Amino acid sequence: MTSPQAAEMLVHPPTPIRKVRKAVLPAAGLGTRFLPATKAVPKEMLNVVDKPQIQYVVEECVASGIEHIIIVTGRGKSSIEDHFDRAPALERFLEEKGKKEEAALVRRISDMVQVSYTRQKEPLGLGHAVLVAKDLVGDEPFAVLLGDVLIPGAHPATKQLIDVYQATGVGAIAVEEVPKDKTHLYGIVDGEPAPQPPFGQRLLRVRDLVEKPKPENAPSNLAITGRYVLPPAIFDCLERTQPGAGNEIQLTDGMRILALEQGLWAYIYEGLSYDAGDKLGFLKATVELALQNQDLGESFRAYLKALKL
Ligand code: G1P
């Protein structure tokens, strides 16, 4: 049975439902978990198989129909801007050498989508980083994608959330099950099943959210995966959000207010995420994505099989 609140969220979506055109990518973190690699290189630019981590996330945005990406950066992150900008000297050099494919590859990165940048001047938390993008987002719904979670695949998690938003006018966040002893690493959702066609059992109404609870305090083992589609009302909620876990302004705490005031869906998305936010997760992402890579997959698999472990 769907509760009256969940039914209300479907019957009375805030009108009109606007297209989700923009995405915010927080990229201001110092990457301390990756030192010394990140001393002079932003963690978003660390290479996974054949491209920097942040390019996977930008490609997920493009595949989800996003037209304008806002990257929230900080000091020392200018290589991110260079990566998504035109590189005329490099393109010319490649063309003169007859390397047409490489030149096209380089150009495609800058032609993919419009990108804007803004800076978070102090590391005050993920919620604060999203709030910094307020003026660039304006009065429209938007996606948020965390750069250290990679979700490759033909059916992007962000697109799945956009579909939920577009059908209901209510924000949606991607969730997945995690082992009970890992809840302290994530935002955890207290959700009530609210099955609706075409989303079925994957849709839950968010009753509450807790950022990084100890297992004994976790309301479930459904973790926030790092993909969100939110209405612009989240900015007002974040402005009212007090520092929480780690003494930071948490996006999870802002969404608690949003869930209470406007409703919020948790969506058990279809797909597989790689947490490239720490060294082991990063290695796993590298190995698994290399195995899936069209050019390298087969020979890499043969190499791994031949390893005497
Ligand atoms: C952030 C969010 C958390 C979410 C996680 C997903 O935490 O605050 O709610 O579950 O990303 O990776 P972080 O990993 O940045 O500490």
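Going by the structure above, here's the rest.
Computed from a predicted model, the values in this text were never measured in an experiment. Counting from 1, residues in each chain are numbered in the order their sequence is written. Under the rules for a predicted model, residues below a pLDDT of 70 receive no local features and side-chain atom pairs below 80 are neither given nor counted, while totals for whole chains, interfaces and linings still include all residues. Neither water nor hydrogens contribute to the side-chain values; these are computed over all heavy atoms in the structure.

**Considerations on the packing of aromatic side chains**
- Put simply, two rings from Phe, Tyr or Trp (the six-membered ring, in Trp's case) pair if the centres are within 6.5 Å, and we call them stacked under 30 degrees between planes, edge-to-face over 60, tilted for the rest. Applying the stated criterion across every chain yields a total of four aromatic pairs.
- Both rings, one in Phe199 and one in Tyr267, keep their centres 6.0 Å apart while their planes meet at 85°; by these two values the pair is edge-to-face. Of this pair, Phe199 sits in the loop between strand E9 (187-193) and strand E10 (203-211) while Tyr267 sits in strand E12 (residues 265-268), and the two are 68 residues apart along the sequence.
- Between the aromatic rings of Phe300 and Tyr303, the centroid separation amounts to 6.2 Å while the plane-to-plane angle is 25°, which identifies the pairing as stacked. With Phe300 and Tyr303 both in helix H12 (residues 297-306), this residue pair falls three residues apart, about one helical turn.
- Note on exposure labels: buried denotes an accessible area under 20% of the residue type's maximum, exposed denotes more than 50%, and partly exposed covers the range between, all computed with a 1.4 Å probe on protein chains only. Of the residues examined, Phe300 reaches a relative accessible area of 22% and is grouped as partly exposed.
- Judged by relative accessible area, which is 47%, Tyr303 ranks as partly exposed.
- Any Lys NZ or Arg CZ found within 6 Å of a ring centre and within 35 degrees of that ring's normal is scored as a charge over the ring. Positioned over the ring face of Tyr56 is Lys51, at 4.7 Å from the centre of the ring. Per the convention used, a helix needs a DSSP run of H or I reaching at least four residues, while a strand needs a run of E reaching at least two, with both numbered from the N terminus.

**Overview of the pattern of salt bridges**
- Any carboxyl oxygen of Asp or Glu within 4 Å of a side-chain nitrogen of Lys or Arg constitutes a salt bridge here. All chains considered together, the criterion is met by 19 salt bridges.
- In this structure, the salt-bridge partner of Lys22 is Glu140, at a minimum N-O distance of 3.6 Å. On the criterion of sequence distance, the pair formed by Lys22 in strand E1 (residues 22-26) and Glu140 in the loop between helix H7 (134-137) and strand E6 (142-145) is long-range, its members being 118 residues apart.
- Accessibility expressed as a relative area gives 9% for Lys22, which makes it buried.
- Judged by its relative accessible area of 6%, Glu140 is buried.

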